[in-house]
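A closer look at the structure
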Amino acid sequence: MSLESKPMFRKVIYPFYDSDTACIVIIILMLLIIMFSIAGISVAREVPQYNGYVWVPVVLAIMSSIILLPAVIRLIKHYLARLSH
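Presented here is an overview of the structure given in this document. (Residues numbered from 1 in each chain as written. Predicted model: local features only at pLDDT ≥ 70, side-chain atom pairs only at ≥ 80, totals over all residues. Heavy atoms only, no water.)

**Some details on the overall build of the protein**
Helix and strand counts for the protein stand at two helices and zero strands. Within the protein, buried positions represent 20% of all 85 residues. The contacts in the protein between residues at least 6 apart in sequence include a share of 70% that link residues at least 24 apart. Within the structure as shown, the protein displays about 7400 Å² of accessible surface, and the carbon and sulfur contribution to it stands at 73%. (Helix = DSSP H or I, 4+ residues; strand = E, 2+ residues; numbered from the N terminus. Buried < 20%, exposed > 50% of the residue type's maximum accessible area, 1.4 Å probe, protein only. Contact = heavy atoms within 4.5 Å. Areas by Shrake-Rupley, 256 points an atom, 1.4 Å probe, with all protein chains shown as cover.)

As structure tokens, then:
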């Protein structure tokens with residue numbers, strides 16, 4: 001009875017959220033949300049009633065930026081890996 005070893009040359013399977021299409025969709029959506037939050041910041045600063053609520057679009061912009069940066073980095077790494085081969 002011989003043991004079969006697994007081949008070491010298997011292709012890496014990436015999760016769906018690590019694909020190029022998913023990264024591009026995430027980047028586009030986060031850029032739209034950042035534009036929306038910038039509009040919210042400008043409206044909240046113009047209307048004196050809403051000055052106390054400026055923190056809501058600021059938090060939205062920060063959170064979408066936190067999601068945007070890893071997606072951009074991941075997409076750049078994918079393209080650099082393709083160019084190196």
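**Comments concerning helix α1 (residues 20-46)**
The terminal C-alpha atoms of α1, which comprises 27 residues, lie 39 Å apart, in line with the 39 Å expected from a rise of 1.5 Å per residue. Buried within α1 we find D20, A22, C23, I27, M30, I34, S37 and A44. Those residues of α1 that are buried lie in contact with α2 (55-84). (Expected span 1.5 Å × (residues − 1).)

**A short note on the nonpolar core**
Nonpolar side chains tend toward joint burial in soluble globular proteins. Counting residues in each nonpolar core, the largest one holds seven residues, listed as C23, I27, M30, I34, L68, A71 and L75. Elements with a contribution of two residues or more to this core: α1 and α2. The element contributing the most residues to this core is α1, with four residues. Excluding anything up to four places from it in sequence, A71 contacts C23, I26 and I27. (Core = buried A, V, L, I, M, F, W, Y, C linked by side-chain atoms within 4.5 Å.)

**Overview of a nonpolar patch on the surface**
Judged by side-chain polarity, I24, V25, I28, L29, L32, M35 and Y79 come together as a nonpolar surface patch covering roughly 660 Å² of accessible area. As for its position among the elements, L29 is in helix α1. Given a relative accessible area of 45%, L29 falls into the partly exposed group. (Patch = residues over 30% accessible without salt bridge, like charges linked within 9 Å, V, L, I, M, F, W, Y side chains within 5 Å. Salt bridge = Lys/Arg side-chain N within 4 Å of Asp/Glu carboxyl O.)

**Some points on the pattern of salt bridges**
Under the criterion given, the structure shown has one salt bridge. D20 is the salt-bridge partner of R82, the closest N and O atoms lying 2.3 Å from each other. In this pair, R82 sits in helix α2 while D20 sits in helix α1, placing the two residues 62 residues apart along the sequence. For D20, a relative accessible area of 13% puts it in the buried group.

Function cannot be read off these values alone, since they describe shape.
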